[in-house]
Amino acid sequence: MINIPKGTKDVLPSQSYKWQYIEDTARDVARVFNLKEIRTPVFEHTELFKRGVGEGTDVVGKEMYTFEDKGGRSVTLKPEGTAGAVRLFVENGLSSTPMPVKTYYITPAFRYERPQAGRLREFHQFGIEVFGSESAETDAEVIFAASSFLGKLGLSGTRLEINSIGCRSCRADYNRALREYFEPRLGDMCETCRTRFSSNPLRMLDCKEEKCREISAGAPSILDYLCPDCRGHFERVKALLEESGLAFTVNPCIVRGLDYYTRTVFEFVSDAIGAQGTVCGGGRYDGLVEQLGGAHTPAVGFAAGIERLMLLMDNIGAKYPEEPKVTVYVAGMDEPTRAAAFSAANRLRADGISAEADLMSRSLKAQFKYADKLGAEYVAVIGSDELSENEITVKNMESGKSERIKINDLYAYLKKEI
Ligand code: HAM
């Protein structure tokens, strides 16, 4: 037997209602925030992610599924949704439509990571990207959308942590200060931090190694290096969150693992899912549209990992709605009554009622047993007696109440009952 690739997961028929619930919830949040769905290809030119996400990031440097197609082009399975969304925005001239352009997506994403609980090689994201507005209100709206999504899933206990990593000009001063701080301590830090020291010292704050975290704890804070504009923007974002009663903590160590961020960055974090505690991450990326060939367009967004959300929901016992069951099982006994049952089931389906009929040539007793396993609310039986009168006996499986009615009245009868 050929097994599923490492780090990927099947969705089984008994579990798919959970996925549908999370996706429906995401779409409902998108609807109330007036976000429009976008869909981008699963693969893009490798260059898009190199330029968009950043060559120095783990995602691009170590984790991409990159291959040459038969035409000799280097393509990559999308490791995240933002770069593709920006390409879509630029390539389709959305900058000439009224701003802001508010979008969302539900997409698979691929990263060659070491699989563990909450970390997969193929995973799924619900993400939103809002283009064209620099205002702090936009950051706050995006954070509210994420919070509302988590709240609807029963995950309102998830912690919101925010930070501002400033713009290019404040970051230059800050990087200088970081290098000054880290340089004499580099000998005690991990290999990765030593590489980041020259490429992107900000990312040293993100290191999970205990010894590096201890050193980073004493590092200068980005918040002391924000320029007046970035500081004002961050103060306004915080004020808007406070005004609406959304609790958060400022964590100057949140820098995010992708290169495109500017100003606001945020994460929703939980302690209930082990090391991979971030269920949702995002922030502002004011330079990316321009970097990918568009006109200067500020933008902000987030993505939440669906598998990670599911893990969290399981771990804290958050409830899914019950799996929908089939409404009615229509049973027959011999060839003519089975044919009548088959056609009655089809008519019900055409009218929008979920119905099953026998596909396994089971005896009547076995059909009842199977209907019970399915959790059918009703079993409707057509015996020879009933068929000669165009009738059907409908049994409510919960109450045990049974009634004989005209087959033609079955839809109206069930409609009244359910
Ligand atoms: P990210 O933090 O790389 O950001 O990923 C967002 C979320 O995707 C994570 O918080 C996590 O829930 C989920 N995730 C990431 N990697 C994995 C994995 N290997 N297995 C399972 N889940 C995972 C982004 O992707 C940005 N594009 C978010 C964004 C949108 N920023 C602005 N707009």
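Residues numbered from 1 in each chain as written. Predicted model: local features only at pLDDT ≥ 70, side-chain atom pairs only at ≥ 80, totals over all residues. Heavy atoms only, no water.

Engineer: Explanation requested: the overall build of the protein in the structure shown.
Structural biologist: Of the regular secondary structure elements, the protein holds 15 helices and 16 strands. Taking 418 residues into account, the globule formula puts the C-alpha radius of gyration at 22 Å, and the protein, at 28 Å, lies well above it. Dimensions of the protein, computed from C-alpha atoms along their principal axes, come out at roughly 90 × 50 × 45 Å. Taking all 418 residues of the protein together, the buried fraction comes to 49%. Restricting the contact set of the protein to residue pairs at least 6 apart, pairs at least 24 apart contribute 67%. On the protein, the mean spot of the 54 positive side-chain charges and the mean spot of the 60 negative ones are 2 Å from each other. (Helix = DSSP H or I, 4+ residues; strand = E, 2+ residues; numbered from the N terminus. Rg over C-alpha atoms; globule rule 2.2 N^0.38 Å. Buried < 20%, exposed > 50% of the residue type's maximum accessible area, 1.4 Å probe, protein only. Contact = heavy atoms within 4.5 Å. Lys, Arg positive; Asp, Glu negative; His and termini not counted. Charge placed at Lys NZ, Arg CZ, Asp CG, Glu CD.)

Engineer: So what exactly am I meant to see when it comes to the pattern of salt bridges here?
Structural biologist: Pairs can form between side chains of opposite charge whenever their charged atoms are close. A full pass over the atoms with the stated rule returns 27 salt bridges. Where D28 meets K152, a salt bridge forms, and the shortest distance between an N and an O atom there is 3.8 Å. Note that D28 is positioned in helix α1 (residues 16–32) and K152 in helix α5 (residues 136–152), a separation of 124 residues in sequence. Assessed through its relative accessible area of 40%, K152 is described here as partly exposed. As a salt-bridge pair, D139 and R284 come within 2.7 Å of each other at their nearest N and O atoms. Here D139, found in helix α5, pairs with R284, found in strand β10 (residues 278–284); they are 145 residues apart in sequence, far enough to count as distant. Each member of the pair, D139 as well as R284, is classed as buried. (Salt bridge = Lys/Arg side-chain N within 4 Å of Asp/Glu carboxyl O.)

Engineer: What am I meant to see in the nonpolar core here?
Structural biologist: Side chains of a nonpolar character, in soluble globular proteins, are inclined to be buried together. Counting 96 residues, the largest nonpolar core has F149, F182 and F302 as its most contacted members. For this core, the leading source of residues is α5, giving eight residues. The contacts of F302, once residues within four sequence positions are left out, are Y105, F126, G127, I128, V142, A145, A146, F266, C280, G281 and G282. Formed by 20 residues, the second largest nonpolar core is a distinct cluster that contains A355, A380, L410 and Y413. (Core = buried A, V, L, I, M, F, W, Y, C linked by side-chain atoms within 4.5 Å.)

Engineer: Just to check I follow, could you spell out the packing of helix α2 (residues 46–53) against helix α4 (residues 82–91) for this structure?
Structural biologist: One way to put it is that α2 packs onto α4 with a least axis distance of 9 Å and a crossing angle of 105°. Relative to α4, the element α2 is oriented roughly perpendicular. When α2 is examined against α4, the residues L48, F49 and V53 are found in contact with a partner set consisting of A83, G84 and R87. Looking at the contact of α2 with α4 residue by residue, the class counts come to four nonpolar, one polar and one charged. (Axes fitted to C-alpha atoms, helices over the stretch in contact; angles between N-to-C directions. Parallel < 35°, antiparallel > 145°, perpendicular 65-115°, else oblique. Nonpolar A, V, L, I, M, F, W, Y, C, P; charged D, E, K, R; others polar.)

Engineer: Which parts of the structure should I look at to understand the site of the ligand?
Structural biologist: Among the 26 residues in the neighbourhood of the ligand, the closest are listed as E80, T82, E113, E129 and Y261. Interatomic distance of 2.9 Å between a side-chain N/O atom of R111 and an oxygen atom of the ligand. Between an oxygen atom of the ligand and a main-chain N or O atom of T278, the distance comes to 3.2 Å. Contact with the protein chains covers 96% of the free accessible surface of the ligand, which is 660 Å². (Near = heavy atom within 4 Å. Polar contact = N/O pair within 3.5 Å; in protein donor to acceptor, adjacent residues only side chain to side chain. Areas by Shrake-Rupley, 256 points an atom, 1.4 Å probe, with all protein chains shown as cover.)

Engineer: Could you clarify how one ought to interpret the sheet that holds strand β7 (residues 159–164) in this entry?
Structural biologist: The pairing of strands in a sheet comes from backbone hydrogen bonds and takes either a parallel or an antiparallel form. Pairing within the open sheet is mixed, and its eight strands lie in the order β1-β5-β6-β11-β10-β9-β7-β8. With one partner strand each, in any of the chains shown, β1 (36–37) and β8 (249–250) form the two edges of the open sheet. Pairing geometry for β7 and β8, over two bridges, is parallel. Across the sheet, E161 pairs through a bridge with T249, a residue of β8. Across the sheet, α1 lies against β1, β5 (101–110) and β6 (122–131), angled at about 160° from β5, the strand it touches most. (Pairing = 2+ DSSP bridges.)

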